[in-house]
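What follows is the residue order along each chain.
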Amino acid sequence: MRLLQRLAGLFVLMMCGAVFAPAVQAAEKTYAVLPFSVNGPQEYQYLSKGLQDMLSSRLYWKDNARPLAQLPADLPPAKDLSPEKGRELLTRLRADVLIWGSVTVMGNDASIDLRVQDTKGGSWPQSGTVKLDNLIPSLENISRKLSAEAFGRTAAAPAKAPSTAGGGSGGGPGKTEKVNAMNPALVHNEADQSKQFFLNPQFRYAGDSQSEGRMRSQSLPFASVGMIADDLNGDGQRDCAIIDDTRVYVYRFDTDMTLRQVAVHQAPVSLQNLHVSAVDTNRDGRKEIIVSAVRVTTAGNHDKYEKYEPRSYVLSFDGQKLTLLKDNIKFFLNAINTPPRFETKLYAQKQGRQKLFEKGIYEAIPSANGFDLGPRLFAPDQANVFNLGYLPQPDGYKMLVVDKEDYILVFTDTGERQARTDKPYFGSFVGMFEDMMPEGFEDEVLMRDKYYIPMRMVSFNIDGDDRHELLVNRPISMAAQFFQRYRYFPQGEIHSLYWDGVGLNLVWKTRSIKGSVVDYGVTDINNDGITDLYVLVNTHPGALGISNRKSIVLVYPLDLSQTDSTVGQEFTDEPASRLHQE
């Protein structure tokens, strides 16, 4: 009997060993990535911390490899770190793997030299030379190779710490992270093959399978200039304020996705509407419609020389009619979400004497005669009241400025330039000639540069994590590649971008949208309780039919539920307040 008891006990111990052995073998490792040493022009010094953050994020492997929570401030420079000093630093940090390196920038080329060391003496050097535009994809490949060599990662699991909208599951070898695709008309950046993009079975949208998750309004009989969707009369329902060249319309969606016109305001025909926004300027709990406009006059031979004077105006909407509150405002106006609380405030800018914009963006303070200029906003020199935006970050924010060629410039919160996108965005057709000549000299200018007011940059955070995304339009046109002033794009795509530590990277995009994208945003535009991506589009009847353009509003309902939702669960409308729009 005792022999049987001993054998049984031995068997239990062996089984426990078999069960717990994999857990011991799979003990989580820690790693530390040091700031990179950057050899090159001053404008690339941001790569030191940018590459550190990016590589640290890409090496994350749930339950297997995680970065140290905090690194000491007195770390030695990466360029001075030898293998011997690396081992000493590993002991000091109590980490399993240490990663450091350098990047050398010469012209459009970047040379990467990476050193990796573990506590057992293992070393995995990585090096290579790539074009600057390919720096991020190259680091992706290096991180995957490094993860396999240093952490024994045999299957492609999510390299980045999970922060994707909708959450997910994954982590170990052979497991796949599920990512909520939100809408069938959105195309996600699927560079990571371990992520499975899916449509939540609770997703609801109008139309059959051919509609691809997209609803649309009827055609409106005019070409639009801009649009803002917001609660304009304080009743909790979203209204759509759409502007054309001289009019302001207020529409509201009916249940059948028909836009019902509620009110219209006709401005003087000498005015040209440029931009529309909404903000509560008088603190009465209702947002006013802010229209930035210019008075256009002509001069010179055959009246070909256009001159502009800011003549913005403010309207209120009571649910039935529009009322003109302020007009003849001699500033360019725009509502901007500014740090540190990212509240929407109205900002103003003066017209320049020889250029369109005088330097300096100021908070617009309501006064009896319109608005006075308040505190000046800290912004890069290239910024104006229309091309400036902010992208919140866990440790601060990024300032975004759209240059004259429609590329996005990224600045730190101290004004240091960090990056420029590798492709142009926006593609607005609303523009004004730049150079202002003194009276009597108008005919001496043969060709004037035209400044196109960029579309709005929408910063939003769908899933409530610490990563904000940026909504922009990507215009598509062959003619625009050859003719600089061709701005009636036949197609466009809405792109969602995020800051990855090095540049603005793609999260998702819509499929191609036929027509010229005019404006867009994220809110519950049709008041059905579901957050939507909306896109205002002008139809494109061809180069010879520009005068026949019409407006259409496209609506993409977004499924914001978690990936572990129950298939058979009865659908429940998610309140629009779940989306924190900045």
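Residues numbered from 1 in each chain as written. Predicted model: local features only at pLDDT ≥ 70, side-chain atom pairs only at ≥ 80, totals over all residues. Heavy atoms only, no water.

Per an unreviewed UniProt entry, the recorded name for the protein chain is Putative FG-GAP repeat family protein, and the organism is Megalodesulfovibrio gigas.

Q: I'd like a description of the overall build of the protein chain, backed by residues and values.
A: In terms of regular secondary structure, the protein chain is built from four helices and 38 strands. Relative to its 582 residues, the protein chain shows a buried fraction of 51%. Contacts in the protein chain between residues far apart in sequence, at least 24 positions, make up 52% of those at least 6 positions apart. Carbon together with sulfur atoms contributes 49% to the accessible area of the protein chain, which is approximately 28000 Å² in total. (Helix = DSSP H or I, 4+ residues; strand = E, 2+ residues; numbered from the N terminus. Buried < 20%, exposed > 50% of the residue type's maximum accessible area, 1.4 Å probe, protein only. Contact = heavy atoms within 4.5 Å. Areas by Shrake-Rupley, 256 points an atom, 1.4 Å probe, with all protein chains shown as cover.)

Q: Tell me about the packing of aromatic side chains, and please be specific about residues and values.
A: Within the structure shown, the criterion is met by nine aromatic pairs. Ring centres 5.6 Å apart and planes at 70 degrees place the aromatic pair Tyr390 and Tyr397 in the edge-to-face group. For the pair Tyr390 and Tyr397, a shared accessibility class is recorded, and that class is buried. An aromatic cluster is present here, built from Phe332, Phe357, Phe386 and Tyr451 joined pairwise through their rings. Over the face of the ring belonging to Phe433 we find Lys450, whose NZ or CZ atom lies 5.0 Å from the ring centre. (Phe/Tyr/Trp six-rings, centres within 6.5 Å; stacked < 30°, edge-to-face > 60°. Lys NZ or Arg CZ within 6 Å of the ring centre and 35° of its normal.)

Q: Kindly report on the nonpolar core, identifying the contributing residues and their values.
A: Soluble globular proteins tend to pack their nonpolar side chains together in the buried interior. Residues Leu47, Ile99, Phe426, Leu471, Tyr520, Leu533 and Val535 are the most contacted members of the largest nonpolar core, which totals 69 residues. Broken down by element, this core gets its largest block of residues, seven residues, from helix 4 (residues 135–151). The residue makeup of this core includes at least three contributed by each of domain 1 (29–151) and domain 2 (201–437 + 447–557). In this structure, Tyr520 is in contact with Phe426, Met455, Arg456, Val458, Leu471, Val472, Asn473, Ile494, Tyr534 and Val535, ignoring residues within four places of it in sequence. (Core = buried A, V, L, I, M, F, W, Y, C linked by side-chain atoms within 4.5 Å. Domains from an automatic or database assignment.)

Q: I'd like a description of the environment of Ile552, backed by residues and values.
A: On the secondary structure map, Ile552 appears in strand 37 (residues 551–557). The buried category is assigned to Ile552, whose relative accessible area is 11%. Taking C-alpha positions, Ile552 is 9.4 Å from Pro221, a pair spaced 331 residues apart along the chain. Residue contacts for Ile552: discarding those within four places in its chain leaves Arg216, Ser217, Gln218, Ser219, Val535, Leu536, Val537 and Thr539.

Q: Describe the sheet that holds strand 26 (residues 408–411), listing the residues and the values that go with them.
A: Think of a sheet as strands paired side by side through backbone hydrogen bonds, with each pair either parallel or antiparallel. Read from one edge to the other, the open sheet built from four strands follows the order 24-25-26-27, with strand pairing classed as antiparallel. Taken across any chain shown, the strands that pair with only one partner, and hence form the sheet edges, are strand 24 (388–393) and strand 27 (417–420). This sheet shows a mean twist of 25 degrees between the axes of neighbouring strands, independent of strand direction. (Pairing = 2+ DSSP bridges. Axes fitted to C-alpha atoms, helices over the stretch in contact; angles between N-to-C directions.)

Q: So what's going on with the pairing of strand 15 (residues 271–279)? Residues and values would help.
A: Burial analysis of strand 15 places eight of its nine residues in the buried class, the great majority of the element. Taken together, the eight bridges between strand 15 and strand 16 (residues 288–299) define a ladder with antiparallel strand orientation. Residue pairing across strands places Gln272 opposite Val294, the latter belonging to strand 16.

Q: Pulling in residues and values, what's your account of the pattern of salt bridges?
A: Summed over all chains, the structure comprises 19 salt bridges. Residue Asp230 is joined to Lys287 by a salt bridge in which the shortest nitrogen-to-oxygen separation is 2.9 Å. One end of the pair, Asp230, is in strand 11 (residues 226–230); the other, Lys287, is in the loop between strand 15 and strand 16, and 57 residues separate them in sequence. Judged by its relative accessible area of 16%, Asp230 is buried. Here Asp254 ties to Arg260 by a salt bridge, and the two come within 3.0 Å at their closest N and O atoms. Arg260 gets classed as partly exposed once you look at its relative accessible area, which sits at 40%. By sharing partners, the salt bridges in this structure join Asp235, Asp239 and Arg252 into a single network. (Salt bridge = Lys/Arg side-chain N within 4 Å of Asp/Glu carboxyl O.)

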